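# Observations on the model geometry
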Amino acid sequence: MKKLLFASLLFAGMAHAAPDALESGFQTPPDSAKPHTWWHWMMGNVTKEGITADLEAMKRVGVGGAQIFNVSEAIPAGPVKFMSPEWRGMIKHAVTEANRLGLELCIHNCAGWSSSGGPWNTPEHAMQFVTTSEKQITGGRKIEEALPQPDTKLNFYEDIAILAFPTPEKEFRISNLGGKAAYERGENIEPATGPEAPAGSAIVRDKIVDLTANFKGGKLSWDAPTGNWTILRIGHTPTGKTNHPAPPEGTGPEVDKLSKTALDAHWKSALQPVLDDIGPLAGKTLNNSLVDSYEVHNQNWTPLFRQEFAKRRGYDLLKYLPVFTGRVVDNTAVTERVLWDIRRTIADLMAENYFGHFAELCHKNGMKMSVEPYGDGPFEDLTAGGAGDIPMGEFWVGGGAEGSTKVASSVAHVYGRQVVGAESFTAAPERGKWTNDPYSLKSLGDQVFCMGINRYIFHRYAMQPWLHRFPGMTMGQWGMHFERTNTLWEPQSEWLKYVARCQFLLQQGNFVGDVLYSSGENAPNSLRAGNPAMPKGYDYDGIGADAILRLLTVKNNRLMLPHGASYRVLVLPPDNTMTPQMLRKIRALIMAGATVVGPKPQRSPSMEKYPQCDAEVQQLADEIWANTDGKNIVEHNLGKGKIVWGRSLEKVLFNLQAPPDFEAGKKGARVNYIHRVAAGSDIYFVANARNIAVETECTFRVSDKMPELWHADSGAREAAPVYRIENGRTTIPLRFDPSGSVFVVFRKPAPREHFVSVTVPPSANAATAAAPKLEIFKAMFEATDGAGGADVTDKVREAVDGVHLKIDATNDNFGDPTSGHAKRLRVQYELNGEPGELSVDENATLEIGAEGVG
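Conventions used here
Residues numbered from 1 in each chain as written. Predicted model: local features only at pLDDT ≥ 70, side-chain atom pairs only at ≥ 80, totals over all residues. Heavy atoms only, no water. Disulfide = S-S within 2.5 Å. Helix = DSSP H or I, 4+ residues; strand = E, 2+ residues; numbered from the N terminus. Expected span 1.5 Å × (residues − 1). Buried < 20%, exposed > 50% of the residue type's maximum accessible area, 1.4 Å probe, protein only. Salt bridge = Lys/Arg side-chain N within 4 Å of Asp/Glu carboxyl O. Pairing = 2+ DSSP bridges. pLDDT = per-residue confidence, 0-100. Contact = heavy atoms within 4.5 Å. Arc of directions from axis to C-beta.

### Overview of the state of the cysteines
The tally for this structure, following the rule as stated, stands at zero disulfides. Take C106: it sits in no disulfide, and the sulfur closest to it among the cysteines is that of C362, at 8.4 Å.

Okay, here's the thing in structure tokens:
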């Protein structure tokens, strides 16, 4: 009792002291910690009365801001046409009202949600791709002939070059031209070493003749040498892609993502009029513009591409242009490297001229840029996201796209962005339909917090133009229904307080991770994690080539980033190639004390300075990896650091004397976590991923500090009454409610005396208590519309483990007796003498245990 009283009095004294910024911000979160929402203005159905009512409702329940989208989604047209004077007046009214209420607004950069298009984008400023035609001729004569017109879109076409070459004896094309020549996103393509073009099938570069100057007025004039020749007409034309889903008056070509000039024109017509209308509120209340997830496919040309290519790659692309048709120039190795350089250049231009320049335009107008840096385009996700001020991911009710949240949080941690947003709780039709509530969403939301998100942006709030219609406007079939017309609107304010408290703490300081996974240099690419696998109890980020080269340093054997994040290990991707530039950087990091894990590269992927580049790669790789082979010899020391190849990350971290950062001791407990450090305080958020109560010991890689439990649902704080410190870590017994969570904060020295364990005397009637029992009476896998189903009782009974059942409601488990219909699993059971029935939708998990149901 003495020790327990000591700990309680210690915390009581702290509670009565003047609260510090961490305490006060947690108790009463600032506006910057509040969640935001997407605010969809549906097909011109907008009124000033509705705008005011929406914004006042958001303010009332604790929403901090809204992102304006103008979309269609099969909603009947309203009276306010996009970009009309009336629409611009509505935007000005919204900004004025938001300013009155102290809310932030963001606007998507065009109509629809993807990506940057509109009718003001002329064909020459649209996304471009290479298009070709060819003609076979016999030489030894004067040629005066028209050349076929390559495929053209939007009535726009410009020639790039006219090339002639001796027609190869055999026909041969490289594989996967769509991905390799960037007609489509071919993620993480390394240059192939084969198959080698058969003899007589390759084009000899030195024999290619540039006839561009000979082509005038649609005709080629050329004294062709003897032999059979192929005339290749190479040009560019728009891809034809438009923004979507947008009202007709807002639909037009997608802007050229590789051209600053084109993006400037788009900004001038799409955003500048809005900023001019609102005057000083631009950058203050309307303080953000968004580029949403990229869904407009690839482009592989822009008018200045040849010049930009030469500047970045160091050689002229002209006589390699036939590779856009899949032909081999000189040999397979050369052709594959040229195509790699093309993809690399496109990704560089996307990062600089689209994502980067959009951020520049925002900053020029005092605004921030939000960005979802992923999708089907020809860019590197982690590098593209680095341009934004608020990187964003997305996640869906029922699962889906959670991986994008780790992309967004990695970008934020690497580039020093404090706010990491997410399009939150997006729902497909079967997961929406007014069926969501805070409890059903909490576990998923907590999981996403643990992946690094610290600002929900709800998907979605459909702008409600009416004051007395319920449930009012929707966004068609998509999204949860986060509107003032939902009966949950006012009661959910308590959940939003919980969210704001969580987000406040999760926006503090720096993320703690042990591992950095490099995404490599192949473009396009995204986060590449898990090879080798992450051991349980540690966390990681991804990092792109740009950030490794520009930002990564070493201090005290830790990999450091300029804004304070640090890591113990850099993991290279399992690639066979690496540029000399990157390999020189890896060598410098190891020499300075870094631990790097990964295989030995064999060659450069690029044509730049080929073949000398390969010789340099081999020389550097031999120095770094020495005699390691990834099997028998797995480690080599170099300078102050080392390279490791063929050893698990668990063993690597153990050798670095880094035990797991977090562990939940009870078998079967699923507790997610994230760890941040702020001003000397260690802040852990831990969340029960199961919707049954769980008691378990949790161990944290912190010692000599007293653990405090901060409860975001109530704002209460308390000292952990029982804990023990052993081997540099602190272990605390915790009890989680179903889908429960808590912050464990370490910031004060641990008192010399405290309880390390508590023994509860057995209950007098414990011996006679009935043993827990779970019995399954009936289980059906059936169509929700009554079309039929199957009795799966025996299958479900087989899945019962003692007093616990966990089973996925999938066709793989139960077959597909009602194909084409939405299905559910329905189970009738008795748990500890209490009968019950539980059902879950298809692809969800049904769970029943001694502690409850889920």
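### A look at helix 15 (residues 580-591)
Relative to the 16 Å expected for twelve residues at 1.5 Å per residue, helix 15 spans 16 Å between its end C-alpha atoms, a close match to the ideal helical length. All of the buried residues in helix 15 are P580, M582, L583, K585, I586, L589 and I590. Within two residues after helix 15, G593 carries a phi angle of roughly 125 degrees, on the positive side.

### Comments concerning the pattern of salt bridges
One pass over the structure, following the stated rule, counts 58 salt bridges. Salt-bridge contacts for R141 lead to E145; the nearest nitrogen and oxygen are separated by 3.4 Å. Between D381 and R185 there is a salt bridge, with its nearest N and O atoms 3.3 Å apart. With D381 in helix 10 (residues 381-385) and R185 in the loop between helix 5 (177-180) and strand 7 (209-210), this pair connects stretches of sequence that are 196 residues apart. Because the salt bridges share partners, they merge into one network encompassing D20, E23, E708, R717 and R747.

### Describing the sheet that holds strand 21 (residues 566-567)
Ordered in space as 19-20-21, the three strands form an open sheet in which the pairing is antiparallel. Looking at which strands have only one partner, the edges of the open sheet turn out to be strand 19 (553-555) and strand 21. Pairing geometry for strand 20 (residues 558-560) and strand 21, over two bridges, is antiparallel. Directly across from L559, in strand 21, lies its bridge partner Y567.

### Focus on the confidence of the model for the chain
Looking at the chain as a whole, its pLDDT mean stands at 94, while 96% of the residues score no less than 70. Every residue in residues 1-16 scores below 50 in pLDDT, and together they form 21 contacts with partners more than four places removed in sequence or on other chains.

### Quick word on helix 8 (residues 305-313)
Of the positions making up helix 8, those classed as buried are F305, E308, F309, R312 and R313. Along the long axis of helix 8, the arc covered by the buried residues comes to 105 degrees, so they all point the same way. Buried residues belonging to helix 8 abut helix 9 (332-364). Just past helix 8, the residue G314 takes up positive phi, approximately 85 degrees.

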